[in-house]
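# Coordinate analysis (summary)
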Amino acid sequence: MLLTLPMIIEFMKYVLIAILLTQLGFVFLILLLGNTMVDFYRVSIYEKPENPIQRK
């Protein structure tokens, strides 16, 4: 099978579309799960203990 210029251009077009769709999917995932990730970060941070009992 001989590679011609139109075949290479079409292949590059499909590669570019795949990269852009991957980026778009990542953006939608961040938009959907962004608040969840921030809430998890907020829950995982410990506040400074006020007394010795809370330090343990």
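Shown above is the structure to which this text applies.
Computed from a predicted structure; not experimentally measured.

Moving on, we get to the overall build of the protein chain. From N to C terminus, the protein chain includes two helices and zero strands. Rg of the C-alpha trace for the protein chain: 24 Å, well past the compact-globule value of 10 Å for 56 residues, more than 25% over. Looking at the protein chain residue by residue over its 56 residues, the buried ones come to 2%. Within the structure as shown, the protein chain displays about 6,000 Å² of accessible surface, and the carbon and sulfur contribution to it stands at 73%. Side chains of the protein chain carry 5 positive and 4 negative charges; the gap between the two charge centres is 9 Å.

Together, Met1, Leu3, Met7, Ile8, Phe11, Met12, Val15 and Ile19 make up an exposed nonpolar region whose accessible area comes to about 860 Å². On the basis of relative accessibility, which here comes to 46%, the residue Ile19 falls in the partly exposed class.

Rules and cut-offs
Residues numbered from 1 in each chain as written. Predicted model: local features only at pLDDT ≥ 70, side-chain atom pairs only at ≥ 80, totals over all residues. Heavy atoms only, no water. Helix = DSSP H or I, 4+ residues; strand = E, 2+ residues; numbered from the N terminus. Rg over C-alpha atoms; globule rule 2.2 N^0.38 Å. Buried < 20%, exposed > 50% of the residue type's maximum accessible area, 1.4 Å probe, protein only. Areas by Shrake-Rupley, 256 points an atom, 1.4 Å probe, with all protein chains shown as cover. Lys, Arg positive; Asp, Glu negative; His and termini not counted. Charge placed at Lys NZ, Arg CZ, Asp CG, Glu CD. Patch = residues over 30% accessible without salt bridge, like charges linked within 9 Å, V, L, I, M, F, W, Y side chains within 5 Å. Salt bridge = Lys/Arg side-chain N within 4 Å of Asp/Glu carboxyl O.

Structural measurements only, silent on function.
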